[in-house]
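Residue-level listing of the chains:
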Amino acid sequence: MAKTTETLEQFYRNKYGILSGDLPKNDGQFNVFRIEDRINSGTSSPTFIRRDFHKIMLFQGDNIFHYGDRSIPITGNTLLFFNPHVPYTYEDLAPDTKGCFCVFKDEFFKGNVRLNLFELPVFTAGTYPVYSLKEEQALEIKAIFEKIIKEIDSDFLYKYELIKNYVSELIYFGMKLQPVSISSDHTHAAARITSVFLELLERQFPIESTAQRFELRSPKTFSERLSIHVNYLNRAIKKQTGKTTTEHIFERLVSEAKILLKYTDWSISEISYVLGFEDQAHFNHFIKKHTQRSPTSLR
């Protein structure tokens, strides 16, 4: 199988020729780039794989982003968020494309109790955080990126602390664009249970080798891990998300199955096994039921 995850070090080396000794020394290896500079350097579009880092991008132009198992056409000014759980790529950049993006690992926000990245809607797997911006919104986002670009080249001793505030501003801006309200009351029992459930679910991904196996795949296994009754778990998940526990698990299974079928050379039997199915026939039936297509046709 081809490489399934690109590290931030590989990203710097492959796209910008930065050697290991010249990598950013800050926690999280934060950096910021202009899309125009990338076009001028002649680098190609990224491969469809997961990355082990986060990315926030202001994209000004037309393109198609392939995000997880979906292809999303965008036009004009767009704010996009990418996380380590979801593979992505996009089509070749048009010569007049503009914009900025920053990249960083989890460590960049280490110690910030208010910003657990994987709990934020814009970085949650299973969502598609792609937001079309009005002109005035695009100008606001552009101004924040310009402040980051100016600061990263400065000699200010605390520049990365300041940059964290600017990146937080980008994240909160995106969260305000969410179509649903976001509860900040993490002390609520149902919210806390839901948060832990989603974290446990996502911790099993990405599946990068046929030696891995998706094991927590039923409400009962999750309730046992959380030491609560399965009915209590189901009520909490349904109350917080509007979906059943099983629906969350199955949606994640289907999404991962599509990715593995389309972007790996593993056999259907191997994919069936790593996703926790006892036999390929059961896997075939599951995929057909939830997608109306067979695994072979999805491939």
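As the structure is a prediction and not an experimental result, all values here were calculated from the model. (Residues numbered from 1 in each chain as written. Predicted model: local features only at pLDDT ≥ 70, side-chain atom pairs only at ≥ 80, totals over all residues. Heavy atoms only, no water.)

What to know about a nonpolar patch on the surface
Here's step 1: The grouping of Phe156, Leu157 and Tyr158 at the surface amounts to a nonpolar patch, some 380 Å² of accessible area in total.
Here's step 2: Secondary-structure assignment places Phe156 in the loop between helix 3 (135-152) and helix 4 (159-176).
Here's step 3: Judged by its relative accessible area of 43%, Phe156 falls in the partly exposed class. (Patch = residues over 30% accessible without salt bridge, like charges linked within 9 Å, V, L, I, M, F, W, Y side chains within 5 Å. Areas by Shrake-Rupley, 256 points an atom, 1.4 Å probe, with all protein chains shown as cover. Salt bridge = Lys/Arg side-chain N within 4 Å of Asp/Glu carboxyl O. Helix = DSSP H or I, 4+ residues; strand = E, 2+ residues; numbered from the N terminus. Buried < 20%, exposed > 50% of the residue type's maximum accessible area, 1.4 Å probe, protein only.)

Observations concerning helix 7 (residues 230-241)
Here's step 1: The end-to-end C-alpha distance of helix 7 is 16 Å, a good match for the 16 Å that twelve residues give at a rise of 1.5 Å each.
Here's step 2: Of the surrounding secondary structure, the elements contacted by the buried residues of helix 7 are helix 5 (189-203), helix 6 (219-226) and helix 8 (245-263).
Here's step 3: Looking one or two residues past helix 7, Gly242 carries a phi angle of roughly 80 degrees, positive in sign. (Expected span 1.5 Å × (residues − 1). Contact = heavy atoms within 4.5 Å.)

Examining the packing of aromatic side chains
Here's step 1: Evaluation of the coordinates by the stated rule reveals 22 aromatic pairs.
Here's step 2: Consider the rings of Phe65 and Phe82, whose centres lie 6.1 Å apart with planes at 25 degrees: the pair is stacked. Of this pair, Phe65 sits in strand 5 (residues 63-67) while Phe82 is found in strand 7 (residues 77-82), placing the two residues 17 residues apart along the sequence. Comparing Phe65 with Phe82, the two get one shared label, buried.
Here's step 3: Aromatic ring contacts, followed pair by pair, group Phe59, Phe65, Phe82, Tyr88 and Tyr90 into a single cluster.
Here's step 4: Its guanidinium or amino end placed over the ring of Phe82, Lys55 lies 5.9 Å from that ring's centre, counting from NZ or CZ.
Here's step 5: A cation over an aromatic ring shows up here: Lys55 above the ring of Phe101, its NZ or CZ 4.9 Å from the ring centre. (Phe/Tyr/Trp six-rings, centres within 6.5 Å; stacked < 30°, edge-to-face > 60°. Lys NZ or Arg CZ within 6 Å of the ring centre and 35° of its normal.)

Considering the confidence of the model for the chain
Here's step 1: Averaged over the chain, the pLDDT score is 85; the fraction of residues at 70 or greater is 88%.
Here's step 2: A low-confidence stretch, residues 179-187 stays under pLDDT 50, and its non-local contacts, those more than four residues away or across chains, total six contacts. (pLDDT = per-residue confidence, 0-100.)

Notes on the packing of helix 3 against helix 4
Here's step 1: In contact at an axis separation of 9 Å, helix 3 and helix 4 are set at 165 degrees when each is read in the N-to-C sense. Classified by the angle between their axes, helix 3 and helix 4 sit roughly antiparallel to one another. For the crossing formed where helix 3 meets helix 4, the hand is left-handed. Across the interface between the two elements, Gln137, Glu140, Ile141, Ile144, Phe145, Lys147, Ile148, Glu151 and Ile152 from helix 3 touch Lys159, Tyr160, Leu162, Ile163, Tyr166, Val167, Glu169, Leu170 and Phe173 from helix 4.
Here's step 2: The residue inventory of the contact of helix 3 with helix 4, partitioned by class, reads twelve nonpolar, one polar and five charged. (Axes fitted to C-alpha atoms, helices over the stretch in contact; angles between N-to-C directions. Parallel < 35°, antiparallel > 145°, perpendicular 65-115°, else oblique. Left-handed = near helix turned anticlockwise from the far one by under 90°. Nonpolar A, V, L, I, M, F, W, Y, C, P; charged D, E, K, R; others polar.)

Examining unusual backbone geometry
Here's step 1: Of note, the bond from Phe205 into Pro206 is cis; its omega dihedral lies within 30 degrees of zero at 0 degrees.
Here's step 2: Phi is positive for Gln29, which is not a glycine, with a value near 50 degrees.
Here's step 3: Inspection of the secondary structure assignment puts Gln29 in the loop between helix 1 (8-16) and strand 2 (31-34).
Here's step 4: Phi is positive for Gln292, close to 60 degrees, though the residue is something other than glycine.
Here's step 5: Within the secondary structure, Gln292 is located in the loop between helix 10 (280-291) and helix 11 (295-298).

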